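Results of the structural survey
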Amino acid sequence: MSNNDAWEMKMTDNDKVENPQLVDSHGMVLNNGPDVRPREASDAQLESLKTEIENLRRSVAAIAANAKSFGADKIELAIADVEETLKRNVFMSVGIAALIGYAWGRIK
């Protein structure tokens with residue numbers, strides 16, 4: 001690749017950045033022909049972006065709600081497991097509680 005080819009590639013990349021194609025919320029290219037004013041095309045894309053942001057906001061809210069309930073379910077399950085273990089081993093549980101109480105009293 002010669003320096004001239006690299007320069008031409010850079011020019012085409014810059015043109016793409018300066019004049020990007022406008023798309024709607026479905027990824028379809030908006031009509032950007034000579035009969036459409038740039039302001040109308042930009043307004044259409046802006047409206048499309050607003051719609052997409054609103055859809056993303058709803059999706060994130062739904063995911064957060066599910067994650068919260070999932071976390072609460074895991075905590076409830078862990079508490080139930082601890083309670084079951086304590087009920088099965090009553091004497092060991094009382095011994096551990098007594099040991100913790102003694103250690104706590106010695107520290108204070």
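Note that the structure is predicted; figures quoted are calculated from it, not measured. (Residues numbered from 1 in each chain as written. Predicted model: local features only at pLDDT ≥ 70, side-chain atom pairs only at ≥ 80, totals over all residues. Heavy atoms only, no water.)

Looking only at helices and strands, one finds three helices and zero strands in the protein chain. Along the chain direction, N to C, the helices and strands of the protein chain fall in the order α-α-α. Within the protein chain, buried positions represent 7% of all 108 residues. Accessible area of the protein chain: about 9700 Å², with a carbon and sulfur share of 62%. (Helix = DSSP H or I, 4+ residues; strand = E, 2+ residues; numbered from the N terminus. Buried < 20%, exposed > 50% of the residue type's maximum accessible area, 1.4 Å probe, protein only. Areas by Shrake-Rupley, 256 points an atom, 1.4 Å probe, with all protein chains shown as cover.)

Turning next to the pattern of salt bridges. Following the criterion strictly, the structure yields three salt bridges and no others. Residue Glu 54 pairs with Arg 58 through a salt bridge whose shortest N-O separation is 3.9 Å. Of this pair, Glu 54 and Arg 58 both sit in helix H2 (residues 38–88), four residues apart, which is roughly one turn of that helix. Classification of Glu 54 as partly exposed rests on a relative accessible area of 31%. Through salt bridges with shared partners, a single network forms among Glu 54, Arg 57 and Arg 58. (Salt bridge = Lys/Arg side-chain N within 4 Å of Asp/Glu carboxyl O.)

Looking now at helix H3 (residues 90–107). Residues lying three or four places apart along an α-helix face the same way, a consequence of the helix completing one turn every 3.6 residues. An ideal rise of 1.5 Å per residue puts 26 Å on 18 residues; H3 measures up with 26 Å between its terminal C-alpha atoms. Of all 18 residues in H3, one are buried; the element is thus mostly exposed. (Expected span 1.5 Å × (residues − 1).)

Bringing a nonpolar patch on the surface into the picture now. Nonpolar side chains collect at one region of the surface, where Met 92, Ile 96 and Ile 100 lie side by side and expose about 310 Å² of accessible area between them. Note on placement: Ile 96 falls in helix H3. (Patch = residues over 30% accessible without salt bridge, like charges linked within 9 Å, V, L, I, M, F, W, Y side chains within 5 Å.)

As a further point, take the confidence of the model for the protein chain. Per-residue confidence for the protein chain gives a mean pLDDT of 76, with 64% of residues at or over 70. Ranking the elements of the protein chain by mean pLDDT puts helix H1 (residues 3–18) last with 49 and H3 first with 90. In this model, residues 6–11 is a region of pLDDT below 50 whose contacts with residues beyond four sequence positions or in other chains number two contacts. (pLDDT = per-residue confidence, 0-100. Contact = heavy atoms within 4.5 Å.)

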